[in-house]
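Each chain, written out:
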Amino acid sequence: MKTLLSCIFFISITLSSLAQGSIQDPAGNYYNTDTINGILWMTENLRYEIEGESGRFSEPFEVGCYEGEISNCEQFGMLYSYPAARPACWTLGAGWRLPTAEELTALLDYFNENYAALVSGGQSGLNLLLGGTMEASFNTGNWSGHVGVYPSSSPYSGANKSGGIWGAEHSALILAKTGESIYHIWADHNKKAFVENNINFSGQYSMFSCRCVKSEPANAAEPLVDPRDEKVYQTVEIDGKIWMAENLNYDSGEGSWCYDEKDESCTSNGRLYNWEAAKNACPEGWHLPSKEEWETFEVLFEDDYQTDDINEAFLALMAGGGSGFSAQLGGGRWQNDSSYSFYGLGNYGSYWSSTSYSERGDGQSYTYELGVTYQELRLRNSGREAGKSCRCVKD
């Protein structure tokens, strides 16, 4: 099975009825966005080089430029394996994720599968790029050879002729197949775009382009307007409680920081707080969740996903999961006496609870952590001087 990967962010749409904006990745790259049929889409291919590893075999994320040439990344964006594409979208902030198969189908239906409307310069404003693909497979070691990803003998094909973008749940939107190509199964001599859903375990390690989307969850509650600075936060109702669906970004002064001391990091992923600051950072009528409130997620979502490789609560809490929580991988801040450092942006997120960790005296408190490497919701204890993210729950 041949697969195509490269992350695409959508360029501004020419239709006056569609809202326009932009989003920034952790490396500082900006991408234009547009709202189409109720979904916010990127209009350019993603070009963020996410690092890390995931899955049962701890395989590294496969991310790269077509034929290894930086100029191709500049023209087409990067190519991503499926395990890399999903967390690459999560790095963009609350709610950003891969599009579902239903959203991909709805997009094509919205424009009547019109090839000219979808590609660069077309009516849709998506500006889909024919960025080619890289074919690879994954050997689990069950039969022979070493565990790992293996490119085919001539892995790259299709630049300026064909391209695809990943969807969630191992669905891929195969776009703009034109003329002759080695991928004849997707050839469309009528210049149509179509949806395929036939990527298997091994095929997901081939590389396509990537576009990310954002939408309002079904369990959305009334937005929270923080009266202290007028910032607005999306919220969701989970098991009868109202949770913030974005990381808190209130400047509490001492004990709170922007990642790498950059304002844009606070805008994208909220502030990092030490425990004392976090306890008092939530607006009036809201509070820092306790360990017991965090633990409800492990019970609520334990049966939502059937997989041995990934923690169910992790999937539910990330963007596109069933909870609407849209956890953000905002990194952390480590401190020891007079020295400190920031770490993990885009790969790791950690949230304070209000509960002290009694086994270590008064110096530590419970945190809940999520990371793209281990893909679990983990209970941890941390020194209170560390910088963590903060979500608030309504009283």
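The structure under discussion appears in the preceding block.
Given the structure is predicted, the values throughout are model-derived calculations rather than measurements.

Got a minute to help me understand the overall build of the protein chain in this structure?
Counting its secondary structure elements, the protein chain contains eight helices and 28 strands. Taking all 395 residues of the protein chain together, 56% fall into the buried category. Counting contacts in the protein chain only where the partners sit at least 6 residues apart, residues at least 24 apart contribute 61% of the total. Carbon together with sulfur atoms contributes 43% to the accessible area of the protein chain, which is approximately 16800 Å² in total.

Is there a simple way to think about helix H3 (residues 101-110) in this case?
Three or four residues apart is the spacing at which side chains of an α-helix point the same way, because the helix has 3.6 residues per turn. Of all the residues in H3, the buried ones are Ala101, Glu103, Leu104, Leu107 and Leu108. One side of H3 holds all its buried residues, which, seen down the axis, span an arc of 165 degrees. Of the residues trailing H3, asparagine 112 is marked for its positive phi of about 55 degrees.

Which parts of the structure should I look at to understand the side chain of glutamate 103?
Here glutamate 103 lies in helix H3. Within the local environment of glutamate 103, its side chain forms a polar contact with the backbone nitrogen of threonine 100, the two atoms lying 2.9 Å apart. Non-local contacts of glutamate 103, meaning those with residues more than four positions away in its chain, are made with Ile39, Trp41, Arg97, Val213 and Ser215.

What is the right way to read the state of the cysteines from this model?
Note on terminology: disulfide describes a covalent bond linking the sulfur atoms of two cysteines. The full count for this structure, using the stated rule, is four disulfides. Through a disulfide, cysteine 258 is tied to cysteine 266; the S-S separation comes to 2.0 Å. Disulfide cysteine 258 to cysteine 266: torsion about the S-S bond roughly -110 degrees, handedness left-handed. Looking at cysteine 258, the relative accessible area reads 9%, which means it is buried. Its relative accessible area of 4% is what places cysteine 266 among the buried residues. Take cysteine 390: it sits in no disulfide, and the sulfur closest to it among the cysteines is that of cysteine 392, at 4.2 Å.

Hey, could you run me through the packing of aromatic side chains in this one?
Pairs of aromatic rings are described using the distance from one ring centre to the other and the angle between the two planes. Taken as a whole, this structure holds 19 aromatic pairs when the rule is applied. Taking 5.3 Å as the distance between ring centres and 70 degrees as the angle between the ring planes, the aromatic pair formed by tryptophan 243 and tryptophan 294 counts as edge-to-face. Highlighted residues: tryptophan 243 in strand E19 (residues 241-244) and tryptophan 294 in helix H7 (residues 291-300), separated in sequence by 51 residues. The same class applies to tryptophan 243 as to tryptophan 294, namely buried. Taking 5.4 Å as the distance between ring centres and 15 degrees as the angle between the ring planes, the aromatic pair formed by tryptophan 294 and tyrosine 368 counts as stacked. In this pair, tryptophan 294 is assigned in helix H7 and tyrosine 368 in strand E26 (residues 364-371), connecting sequence segments 74 residues apart. No difference in accessibility class separates tryptophan 294 from tyrosine 368, as the two residues are buried. The rings of Trp243, Trp294, Phe297, Phe301, Phe325, Tyr351 and Tyr368 are connected pair by pair, giving a single aromatic cluster. Above the plane of the ring of tyrosine 366 lies lysine 291, whose end atom (NZ or CZ) is 5.2 Å from the centre. Positioned over the ring face of tyrosine 340 is arginine 333, at 4.1 Å from the centre of the ring.

Just checking my understanding: could you explain the pairing of strand E18 (residues 232-238) for this structure?
It is a general feature of regular strands that their side chains alternate between the two faces of the sheet. When strand E17 (residues 220-225) meets E18, the two strands line up antiparallel, connected through four bridges. Within E18, the position partnered with leucine 224 by the bridge is tyrosine 233. Hairpin geometry of E17 and E18 is characterised by an intervening segment of six residues between the two adjacent antiparallel strands and by a positive phi of about 70 degrees at glutamate 230. In the sheet, E18 pairs with E19 via four bridges, with the strands oriented antiparallel. Looking at the pairing, threonine 235 lines up with methionine 244 of E19. Connecting the antiparallel pair E18 and E19 is a turn made up of two residues, with aspartate 239 showing a positive phi of about 55 degrees.

Conventions and cut-offs
Residues numbered from 1 in each chain as written. Predicted model: local features only at pLDDT ≥ 70, side-chain atom pairs only at ≥ 80, totals over all residues. Heavy atoms only, no water. Helix = DSSP H or I, 4+ residues; strand = E, 2+ residues; numbered from the N terminus. Buried < 20%, exposed > 50% of the residue type's maximum accessible area, 1.4 Å probe, protein only. Contact = heavy atoms within 4.5 Å. Areas by Shrake-Rupley, 256 points an atom, 1.4 Å probe, with all protein chains shown as cover. Arc of directions from axis to C-beta. Polar contact = N/O pair within 3.5 Å; in protein donor to acceptor, adjacent residues only side chain to side chain. Disulfide = S-S within 2.5 Å. Phe/Tyr/Trp six-rings, centres within 6.5 Å; stacked < 30°, edge-to-face > 60°. Lys NZ or Arg CZ within 6 Å of the ring centre and 35° of its normal. Pairing = 2+ DSSP bridges.

Everything listed is a geometric property; what it means functionally is a separate question.
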